[in-house]
Amino acid sequence: MGKIVLQLDRMMVERKISLNELAERVGISNVNLSKIKNNKVTAIRFSTLEAICEVLDCEAGDILKYQKD
């Protein structure tokens, strides 16, 4: 069975935005955003994903990827 992989770090580089700036604009802590960025989470709230997409001007599919085993 595969898994969902977050590619937030790639999108942040493309958009030239720092972890601190994104965290502030999204309204979550640097620690929680870092966990999302480094794929250390098993779930993400849709409201958080929406806020990230809003700030980065992207689609959820730009951040989420399905990876086969």
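Before reading on, note that the structure itself is shown above.
About the criteria used
Each chain carries its own residue numbering, running from 1 in the written order of its sequence. The predicted origin of the model limits local features to residues at a pLDDT of at least 70 and limits the giving and counting of side-chain atom pairs to 80 or more, whereas totals for whole chains, interfaces and linings rest on all residues. To get the side-chain values, take all heavy atoms of the structure and skip hydrogens and water. Secondary structure is summarised from DSSP: a helix means a run of H or I of at least four residues, a strand means a run of E of at least two, and numbering begins at the N terminus for each. Just to be clear, the radius of gyration here is over C-alpha atoms, and the globule rule we use is 2.2 Å times residues to the power 0.38. Throughout this description, buried means an accessible area under 20% of the type-specific maximum (1.4 Å probe, protein chains only), exposed means over 50%, and partly exposed covers the range between. In this description, contact between two residues means that some pair of their heavy atoms is separated by no more than 4.5 Å. For helices, the fitted line uses only the C-alpha atoms of the stretch in contact; every axis is such a line through C-alpha atoms, and the angle between N-to-C directions lies from 0 to 180 degrees. Any angle that falls under 35 degrees is termed roughly parallel, while one over 145 is termed roughly antiparallel, one within 65 to 115 roughly perpendicular, and all others oblique. Under the scheme applied, nonpolar residues are Ala, Val, Leu, Ile, Met, Phe, Trp, Tyr, Cys and Pro; charged residues are Asp, Glu, Lys and Arg; polar residues are all the others, including Gly. Note on terminology: a nonpolar core comprises buried Ala, Val, Leu, Ile, Met, Phe, Trp, Tyr and Cys residues joined through side-chain atoms within 4.5 Å.

Enquirer: Honestly, the overall build of the protein in this entry has me stumped. Any pointers?
Expert: Across its full length, the protein holds 5 helices and 2 strands. Along the protein, helices (α) and strands (β) appear in the sequence β-α-α-α-α-α-β when read from the amino end. For a compact globule of 69 residues, the expected C-alpha radius of gyration is about 11 Å, and the protein comes in at 11 Å, within 12% of that figure. Along the longest, intermediate and shortest principal axes, the C-alpha atoms of the protein span 35 × 20 × 20 Å. With 69 residues in all, the protein has 30% of them scored as buried. Considering only residue pairs separated by 6 or more positions, the protein has 62% of its internal contacts joining residues 24 or more positions apart.

Enquirer: Got a minute to help me understand the packing of helix α1 (residues 8–15) against helix α3 (residues 30–37) in this structure?
Expert: Any two packed helices are characterised by the angle at which their axes cross and by the distance between the axes. Contact geometry for α1 and α3: axes closest at 8 Å, N-to-C directions at 110°. Here α1 is positioned roughly perpendicular relative to α3, judged by the angle of their axes. On α3, the residues touching Leu-8, Asp-9 and Met-12 of α1 are Leu-33, Ile-36 and Lys-37. Split by residue class, the contact of α1 with α3 holds 4 nonpolar, no polar and 2 charged.

Enquirer: Looking at this structure, I do not really get the nonpolar core. What am I missing?
Expert: Generally speaking, nonpolar side chains in soluble globular proteins are found buried as a group. Membership of the largest hydrophobic core comes to 17 residues, with the highest contact counts inside it found for Leu-8, Leu-22, Ile-52, Leu-56 and Ile-63. Looking at this core, the elements that each hand over two or more residues are α1, α2 (19–26), α3 and α4 (46–56). The element contributing the most residues to this core is α4, with 5 residues.

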